[in-house]
Amino acid sequence: MVATDSAGGAIGEGLRSAAPGEIVTLAGAFTPGRTSFEVFGQSNAGDAVATSVAPLRISDSTAAIMLPATLPAPSVYLIWPKTDGRRGAPFAVNQTEAWWAGPSRVASGQRFAIYGRNLGGGSEDPHVYLTGPGRAGEWLPIRGADAYRIELDAPSRPAGDYALWVHNGAGGGFGWSGPLRLTLGYAPPAFGAAVFDVRRFGAFGDGVRDDGPAIEEAVAAAAARAPATVYFPSGVYASRRPFVAPPGVRWLGDGADRSVLRLIAPLTAPGFLYGIGDRSDVALERLAVEADGRIAGQDRALVVLTGERLSFSHVRLSSWGAMTLKLAGTEIRIAESEIIGAGSFLPAASQLFATDTTFRMTNDGEAALAVWSGRGIAMIGNRLVNADENKPDGHGMGRLFVAQPHLGGSRDMYFRDNETVNAAPRDCAAVDCNKGEQILFEFGSVRLQGGASRVRPTEASFMGELPEDAVGKTLIVAGGPGVGQRRRIVAREGGALKLDRPWDVLPDPSKSLFYVAHVAERAVVDHNRFQGRPTHSQHDSDSTAVLIFGLCFDMVVAANDIARMRHGVMVAATSGTPDDSVSAPFFALIERNRIRDGSNGIYTGLIFGYPSDPKVAGGVGNVFRNNEIAGMSHIGLAFDTWDTPGGDFHATVFERNRLVDTPFGVASGLKLVWTDRDFQPTPPGGTQLRQTILHANRIQRGSAPEAGSVGFRTDDFQDWLEIANEWRGFEKERVPTPSR
């Protein structure tokens, strides 16, 4: 038992996954020269260790420490800041974090999953405990688990709302996460109770005669008996008219290669299948729906629906030349299907699951799936390809998934076992090459709210004008004391914003700076295979496997296989217009990725900078660890800077990465996003790199040309700490020397 005192310092946020001998980045309230840290770990009854650790780098608001190699593993590690003999409250590393469950409504025996971070990896298998009404709690059998997902089958219990508690097998009483809400007893619609065969209403299915009137009659009959099914026996059903899709109706065929519903006239409605208002419980199964070349206008799509429980299973949806799906709602499922067209748009979606589906892109389409507000999204086992690379209109821009903040934030996202093939802009002379990010979280365009007039534990008040839509957004500490913290805004009373939970480090009204904005948070991109085009080094596209751009928090990119990219992985800040401040990523973890045959391996820093308040951070605590980078034609690890004030990067760590066959190992400099070999210095008033650490990296030129090669390049005034790195084979090898 340790007594804590706020005078000992405080940790507000930090990197929450690390092993002994690895670095943890922290944001909080510290006193440089007087604050140290105490670390505790224990994996069994006899190996408890508590030890003091001096920071590798520290400022009044950020720090980096190395976990001692003597700590037991695996374990949850508790870290206390300690100033003048007083300890602040502890911060937990490797503690179980259960973020969300999906599907969150399940029937007995239905497979579902828990998603999060640090879900596995303890000395024991993870544990899941269910509590709820009517009975004592019970342990649930686990079907499969890794660090980011646990699969289970729903138990047979009375219908109602239950709570899930998760333990990763480490940390004893400190190892628990929860509760997550799970609703049991969900009964899917009984579509099979009433089946209406379109042939019985006069449809021919010969692909020539207009079956539209007959299908419309069958759909009306099914709507009157919903839940019900409209059945399309094998055949090609031509229609000159679109159809309103009623709620509670399933559209069923004999297989997507046997039953085809085809539009044969220009579309005159929002969609070939569409609905106005709530269209819940609409399902398409074992059917092909086609409208190639028949849809004009960006506001139209093949299928347009809003509602709950929208399902597409074993279907082929084809809209060459136009958008395929335009969907909004909750519990959206796309499974074992083929989606052909210029992309799909989900303005607002939650509990979205896309699995084992092939997306065939056409017409330089923006993205297979684009979301403007989302929560609870899982994409597993999907494939992104160009529909026909022999045709100019048979290509996409290379984007599998895009999240942007136009209608809200995006939270709780998971991507696993997806594959992209030849995914990037096809020709920069023909298309806008400022695209090609295969998974993109783009959360920029923010303005400073400025300082607060008063800050309380769960409230912040402002004298200036607040956004009218502040409720539901996030209040972010963008600079000064408390930097890196975020709290959701749950209410507004005049100039006071009410927050969802107390601050861990109370911001200072006179020194801290704030944003009110939507953010992306809590996403995992794990074990995917991303492939760009062979032309990655021939033109300036934004071909990137994963881009974390702007206000993004707690993002993990792990164990992906990445090839043929302009930038393998990017973690970047931006102030994209003169009216923007700097939108910054915080505590991203990029680890164990294999990046090969590209231009730049890992790319971070500030790009597209405009002057901002110098206290605004461009990033805090981002860590790049244990990545294998080989065969880069330009830079292995690139750190971009700009010639404008504001947007400094704090506590960035490059740790245990392995680089080979690259002419430039580590480079920081001015506007690297556009440079080739002519590295320019950053003006002293430009982007500052603070507490930047290179730890135990192995960097080799290998087979890259020796002439002009450089192991390490930076500006003299930038702050780098070099620990136990290895540099080999470069014409110029510069070992970084800390300047402060």
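Residues numbered from 1 in each chain as written. Predicted model: local features only at pLDDT ≥ 70, side-chain atom pairs only at ≥ 80, totals over all residues. Heavy atoms only, no water.

1. Section: a nonpolar patch on the surface
Taken together, W139, W165 and W176 make up a surface patch of nonpolar side chains, about 330 Å² in accessible area. Following the sequence through the fold, W165 ends up in strand β17 (residues 160–167). (Patch = residues over 30% accessible without salt bridge, like charges linked within 9 Å, V, L, I, M, F, W, Y side chains within 5 Å. Areas by Shrake-Rupley, 256 points an atom, 1.4 Å probe, with all protein chains shown as cover. Salt bridge = Lys/Arg side-chain N within 4 Å of Asp/Glu carboxyl O. Helix = DSSP H or I, 4+ residues; strand = E, 2+ residues; numbered from the N terminus.)

2. Quick word on the sheet that holds strand β18 (residues 176–184)
Overall, mixed pairing links the five strands, which are arranged β11-β18-β17-β13-β14 in an open sheet. On the outer flanks of this sheet lie β11 (105–106) and β14 (138–139), each paired with one strand and no other. Direction of pairing for strand β13 (residues 127–131) relative to β14: antiparallel, over a ladder of two bridges. Of the residues in β14, the one forming a bridge with Y129 is W139. (Pairing = 2+ DSSP bridges.)

3. Re the pairing of strand β37 (residues 374–380)
A large share of β37 lies buried, amounting to six of its seven residues. In this structure, strand β34 (residues 349–355) lies alongside β37, joined through six bridges in parallel fashion. Opposite A354, over in β37, you have M379 as the bridge partner. (Buried < 20%, exposed > 50% of the residue type's maximum accessible area, 1.4 Å probe, protein only.)

4. A short note on the pattern of salt bridges
All told, the structure shown has 55 salt bridges when counted by the stated rule. As a salt-bridge pair, E419 and R383 come within 3.3 Å of each other at their nearest N and O atoms. Linking E419 in strand β41 (residues 419–420) with R383 in strand β38 (residues 383–386), this pair joins segments that are 36 residues apart in sequence. For E419, a relative accessible area of 22% translates into the label partly exposed.

5. Structural notes on the state of the cysteines
Under the defined criterion, the tally for this structure stands at one disulfide. C428 shares a disulfide with C433; S-S distance 1.9 Å. Taking the sign of the torsion about the S-S bond as the criterion, the disulfide between C428 and C433, at about -105°, is left-handed. Judged by relative accessible area, C433 falls into the buried class, the value being 7%. (Disulfide = S-S within 2.5 Å.)

6. With respect to the nonpolar core
Counting 141 residues, the largest nonpolar core has W251, F312, F401, F441 and I548 as the members making the most contacts within it. If you look at the next biggest cluster of nonpolar residues, it comprises 18 residues, including L130, I150, L152 and V166. (Core = buried A, V, L, I, M, F, W, Y, C linked by side-chain atoms within 4.5 Å.)

7. A look at the side chain of H695
Structurally, H695 is set in strand β66 (residues 692–695). A polar contact of 2.7 Å, which involves the side chain of H695, links it to the side chain of E655. Ignoring any residue separated from it by four or fewer positions in sequence, one finds H695 in contact with G21, I23, M66, F654, E655, R656, I723 and N725. (Polar contact = N/O pair within 3.5 Å; in protein donor to acceptor, adjacent residues only side chain to side chain. Contact = heavy atoms within 4.5 Å.)

8. Looking at the environment of Y148
You can see Y148 is positioned in the loop between β15 (142–145) and β16 (149–153). On the basis of relative accessible area, Y148 is assigned to the buried category, the value being 7%. When neighbours within four sequence positions are excluded, Y148 is seen to be in contact with I114, Y115, G116, R117, L119, Y414, V524, D526, V556, A558, E591 and R592.

9. A closer look at helix α1 (residues 212–224)
Under the 1.5 Å per step criterion, the end-to-end length of α1 is 19 Å for 13 residues, consistent within 8% with the ideal 18 Å. Regarding α1, the residues found buried are G212, A214, I215, A218, V219 and A222. Take α1 and look down its axis: the buried residues cluster within an arc of 160°, on one side only. (Expected span 1.5 Å × (residues − 1). Arc of directions from axis to C-beta.)

10. Thoughts on the sheet that holds strand β12 (residues 111–117)
What links the strands of a sheet is backbone hydrogen bonding, and the strands pair in either a parallel or an antiparallel sense. Reading across from one edge, β10-β12-β16-β15 is the order of the four strands in this open sheet, with antiparallel pairing throughout. Bordering the open sheet on either side are β10 (97–102) and β15, each of which pairs with just one other strand. Between one strand axis and the next, the sheet turns through 20° on average, direction left out of account. In terms of strand pairing, β15 meets β16 through three bridges, oriented antiparallel. Each residue of the ladder has a partner; that of I142, found in β16, is L152. (Axes fitted to C-alpha atoms, helices over the stretch in contact; angles between N-to-C directions.)

11. A few points about the packing of aromatic side chains
Overall, the coordinates contain 26 aromatic pairs when judged by the stated rule. Ring centres of F639 and F654 lie 6.0 Å apart, and the angle between their planes is 75°; this geometry places the pair in the edge-to-face category. In this pair, F639 is assigned in strand β60 (residues 628–641) and F654 in strand β62 (residues 653–655), connecting sequence segments 15 residues apart. Of the two residues examined, F639 and F654, each falls in the buried class. Positioned over the ring face of F204 is R209, at 3.6 Å from the centre of the ring. (Phe/Tyr/Trp six-rings, centres within 6.5 Å; stacked < 30°, edge-to-face > 60°. Lys NZ or Arg CZ within 6 Å of the ring centre and 35° of its normal.)

12. A look at unusual backbone geometry
At the junction of G102 and P103, the peptide bond is cis and its omega measures out at -10° in the coordinates. On the secondary structure map, P103 appears in the loop between β10 and β11. Although it is not a glycine, R309 adopts a positive phi angle of roughly 60°. Relative to the elements of secondary structure, R309 occurs in strand β29 (residues 301–313). A positive phi angle, near 60°, is found at D661, a position not held by glycine. Within the secondary structure, D661 sits in the loop between β63 (658–660) and β64 (664–670). Given the relative accessible area of 25%, D661 is considered partly exposed.

13. A few points about the environment of P227
Here P227 is to be found in the loop between α1 and β21 (228–232). With a relative accessible area of 32%, P227 lands in the partly exposed category. Each C-alpha atom, one on P227 and one on A328, is 21 Å from the other, the two residues being 101 residues apart in sequence. In contact with P227, other than residues within four places in its own chain, are P189, A190, F191 and G248.

14. Topic: the pairing of β21
One face of the sheet, then the other: side chains in a regular strand alternate in exactly this way. For β21, the buried fraction is high: four of the five residues fall into the buried class. Taken together, the three bridges between strand β19 (residues 195–197) and β21 define a ladder with parallel strand orientation. Bridge pairing in β21 places D197 opposite Y231. Across five bridges, the pairing between β21 and strand β24 (residues 249–253) is parallel. Counted as the bridge partner of Y231 is L252 from β24.

From the geometry alone we can't say anything about function, so treat these as descriptive.
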